[in-house]
Amino acid sequence: MLQYDTGRYGVEGLASSDGGLLGIRGLYNFGGDVAEAEPLLNQVEEVSGHNQSNNQERDRIYGRFSAGGEFYYGTLNKSGGMSLGVRFATLPRHKGTPLTATMTINPLMGNMSWTYAVMAGENCSLATRTSFNVYSYESDYAVGLELWRKKQAWTNLDGEQDTKVSLPTIPERSFQAKLDWRLDDPIFPLPVVDQATAAGSSLKTTKNKERSFKAKLEWRLDEEESGPTTAVDAFEDPYAGVLKARLDQHFRVGLLWEGRVKSLLFSLGSSI
């Protein structure tokens, strides 16, 4: 496989010995880059001092249109194929709900497909998919969702439980003190170790940063963060797993759980 990517456009070439498959595909992005949108937004905010202009800038949709296609040919079975597609996705500068919409067309097979996905919450994504064949008039419809589980929820519960257990209580007088009609002798408290200092010293001993759960699922490295990060964000991954669900027009349900045990990733799913 050969790949050439400039950010604005990318081209890939594929050659496989299994079946003698040869293919090429490309993608082109039509503007909407973050580097171009950010100076424009700053310029508008500096010049415009009215509330109406600020509201219009806030409601503006920052997105990117992309178009691509692929062509492939099998040298052994003497058959080929092609598909075309377009996509619209919002950029991080967009202040509304993040969304992605795609459309793919296969002219030879007569298949058309549309997808629409939105981020419904911080840890939830919803998507729909519709496909139609112009030759057989068959259609397909499905909805799906993703729920990401964070480790912080369990960590907070454990922290609250530890806090409740460690609350100071008044000790009961000993049996000998009750017989002597007196109080117990004062017990000097043990030196308390600062938890923040202990956590900081333990984090300093860690050298290598482990990849996040999302990066392992997508077979990539973590992106470099430009802003300041805390010690917890730099060394701990907040996600512990993701639950994926799907429902089609025949009321068939598919469930898939992707999680991890330390550095081991596993998947467990079923279709009903």
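Source: prediction; values computed, not measured.

Participant: So what's going on with a nonpolar patch on the surface? Residues and values would help.
Facilitator: On the surface, a nonpolar cluster with roughly 970 Å² of combined accessible area is contributed by Tyr 4, Tyr 9, Val 11, Ile 24, Tyr 28, Phe 30, Phe 65, Phe 71, Leu 84 and Ile 105. Of all the elements in the fold, those that place two or more residues in the nonpolar patch are β2 (9-16), β3 (21-30) and β4 (63-74). Tallying contributions element by element places β3 first for the nonpolar patch, with 3 residues. Of note, Phe 30 is situated in strand β3.

Participant: Could you give an account of the layout of surface pockets, with specific residues and numbers?
Facilitator: The gaps left among the atoms become clear once a water-sized probe is rolled over them. Volume-wise, the second largest pocket comes out at about 520 Å³. Where the lining of the second largest pocket is concerned, the elements lending two or more residues are β1 (2-5), β2, β3, β4, β5 (79-90) and β6 (99-106). Among the residues making up the lining of the second largest pocket, the classes are represented as 8 nonpolar, 12 polar and 6 charged.

Participant: Just give me the short version of the environment of Thr 115, but keep the residues and values in it.
Facilitator: Inspection of the secondary structure assignment puts Thr 115 in strand β7 (residues 111-119). In this structure the C-alpha to C-alpha distance between Thr 115 and Thr 104, which are 11 residues apart in sequence, comes to 8.9 Å. Ignoring sequence-local partners within four residues, the contact set of Thr 115 consists of Thr 100, Ala 101, Thr 102, Thr 128 and Arg 129.

What counts and how
Residues numbered from 1 in each chain as written. Predicted model: local features only at pLDDT ≥ 70, side-chain atom pairs only at ≥ 80, totals over all residues. Heavy atoms only, no water. Patch = residues over 30% accessible without salt bridge, like charges linked within 9 Å, V, L, I, M, F, W, Y side chains within 5 Å. Areas by Shrake-Rupley, 256 points an atom, 1.4 Å probe, with all protein chains shown as cover. Salt bridge = Lys/Arg side-chain N within 4 Å of Asp/Glu carboxyl O. Helix = DSSP H or I, 4+ residues; strand = E, 2+ residues; numbered from the N terminus. 1 Å grid on protein atoms, 1.4 Å probe; cavity = no way out; pocket = protein on both sides within 12 Å on 5 of 7 lines; lining within 4 Å. Points joined across faces, edges and corners; volume = space filled by probe spheres on them. Nonpolar A, V, L, I, M, F, W, Y, C, P; charged D, E, K, R; others polar. Contact = heavy atoms within 4.5 Å.

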